[in-house]
Amino acid sequence: METQNPIVNKQKTKTVVKSPSLWKQTYRRLKKNKLAIVSLFFLCFMFLLSFIGPHFSPYILDRTNVADMNQPPSSAHWLGTDNYGRDVLTRLMMAGQISLTIGIAAMFLSVLIGSLLGAISGFYRGIVDMVIMRIADILMSIPGLPLLLILAAILSEWKVPTEYRLYIIMIMLSFVGWPGLARLVRGQILSLKEQPFMQATEVLGLSDRRKILHHLIPNTVPLLLVVATLNVAGSILSESALSFLGLGVVPPTPSWGNMMDAANNFMDFRKRPWLWIPPGTAIFLTVVSINLLGDGLRDALDPKMRR
């Protein structure tokens, strides 16, 4: 009986290198942008100062003290006191809490409305697309700030209670902010509908609701993330402008905008700069940081810049 020598096939082991996920690539690229990272740390500091700082303040927010009126910065009051003897630093922290909350809430509402309407418009096309886009065009043709001023003036005329004005301002800002986002999402949806994974959803017989909510909108998250970041800055500026003009958050509830109202008084503007410089600086640095972070996210998520 003949014996055959076994033939040994040597196979080369291939190491499979997994490509990093989208979010890991984004994080690596974002780390290289020093301005974006500094802005991120500053925003974290502002959030901690606004939401945690007031708990460590020895002063009560709305308690007035005639003996301490218009005191300059000192060891007792780091940023001085206002016209009613209230600690400016405590009010600055609480104002940041109000302004940031309004900005973030308005952003979430505008992203929710804009992404849903933009996805529906791009998915169904036809009469649905025409109606939604014409409404968006009409709203985009009206300057945002004058429209907000008119709506805020109506609220003041109706004497809407202060506790409700915050929520109404959030809705107003989201009402102005969703049309531009809806157009961007619509463009993304039109492109995504031609991708192979959408053809697979047709073969599987998935419902339109599942296609939009589970497949199309999640693929627009990078775009939504960048636009949402920039929308927060716009909402903070709009709220500050309305409050500065007396049409937004009403005192004694503090916001960065109505704290800046001290600059309307010539004596306060010349003699007491500690009343308006801190809130003005907070608005400036926060908005610039948000814009720099948004630019960094846009560059990090840009497919043309990935290696």
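About the thresholds
- Residues numbered from 1 in each chain as written.
- Predicted model: local features only at pLDDT ≥ 70, side-chain atom pairs only at ≥ 80, totals over all residues.
- Heavy atoms only, no water.
- Patch = residues over 30% accessible without salt bridge, like charges linked within 9 Å, V, L, I, M, F, W, Y side chains within 5 Å.
- Areas by Shrake-Rupley, 256 points an atom, 1.4 Å probe, with all protein chains shown as cover.
- Salt bridge = Lys/Arg side-chain N within 4 Å of Asp/Glu carboxyl O.
- Lys, Arg positive; Asp, Glu negative; His and termini not counted.
- Charge placed at Lys NZ, Arg CZ, Asp CG, Glu CD.
- Helix = DSSP H or I, 4+ residues; strand = E, 2+ residues; numbered from the N terminus.
- Buried < 20%, exposed > 50% of the residue type's maximum accessible area, 1.4 Å probe, protein only.
- Phe/Tyr/Trp six-rings, centres within 6.5 Å; stacked < 30°, edge-to-face > 60°.

Caption draft 1: Representation of a positive patch on the surface. Taken together, the side chains of Lys24, Arg28, Lys31 and Lys34 present a region of like positive charge at the surface. Here the positive patch gets 3 residues from one element, more than from any other, and that element is helix H1 (residues 22-32). If you trace the backbone, Lys24 turns up in helix H1. We classify Lys24 as exposed; its relative accessible area is 53%.

Caption draft 2: Expanded view of a nonpolar patch on the surface. On the surface, Leu109, Leu112, Ile113, Leu116, Ile171 and Leu213 cluster together to form a nonpolar patch covering roughly 460 Å² of accessible area. Examining the composition of the nonpolar patch, we find that 4 residues originate from one element, helix H3 (residues 88-124), more than from any other. Mapped onto the elements, Ile171 comes out in helix H6 (residues 162-192).

Caption draft 3: Summary view of the packing of aromatic side chains. Scanning all chains against the criterion turns up 4 aromatic pairs. Aromatic side chains Phe42 and Phe45 sit 6.4 Å apart centroid to centroid with 45° between the ring planes, which places their arrangement in the tilted category. Residue Phe42 and its partner Phe45 are located together in helix H2 (residues 34-51), separated by 3 residues, close to a single helical turn. Measuring from ring centre to ring centre gives 5.8 Å for Phe47 and Phe51, while their planes differ by 10°; the resulting arrangement is stacked. Here Phe47 pairs with Phe51, and both are found in helix H2, just 4 residues apart, close to one helical turn. In this structure Phe47 comes out as partly exposed when scored by relative accessible area, which is 32%.

So, to be careful, I would describe these as geometric facts and stop short of saying anything about function.
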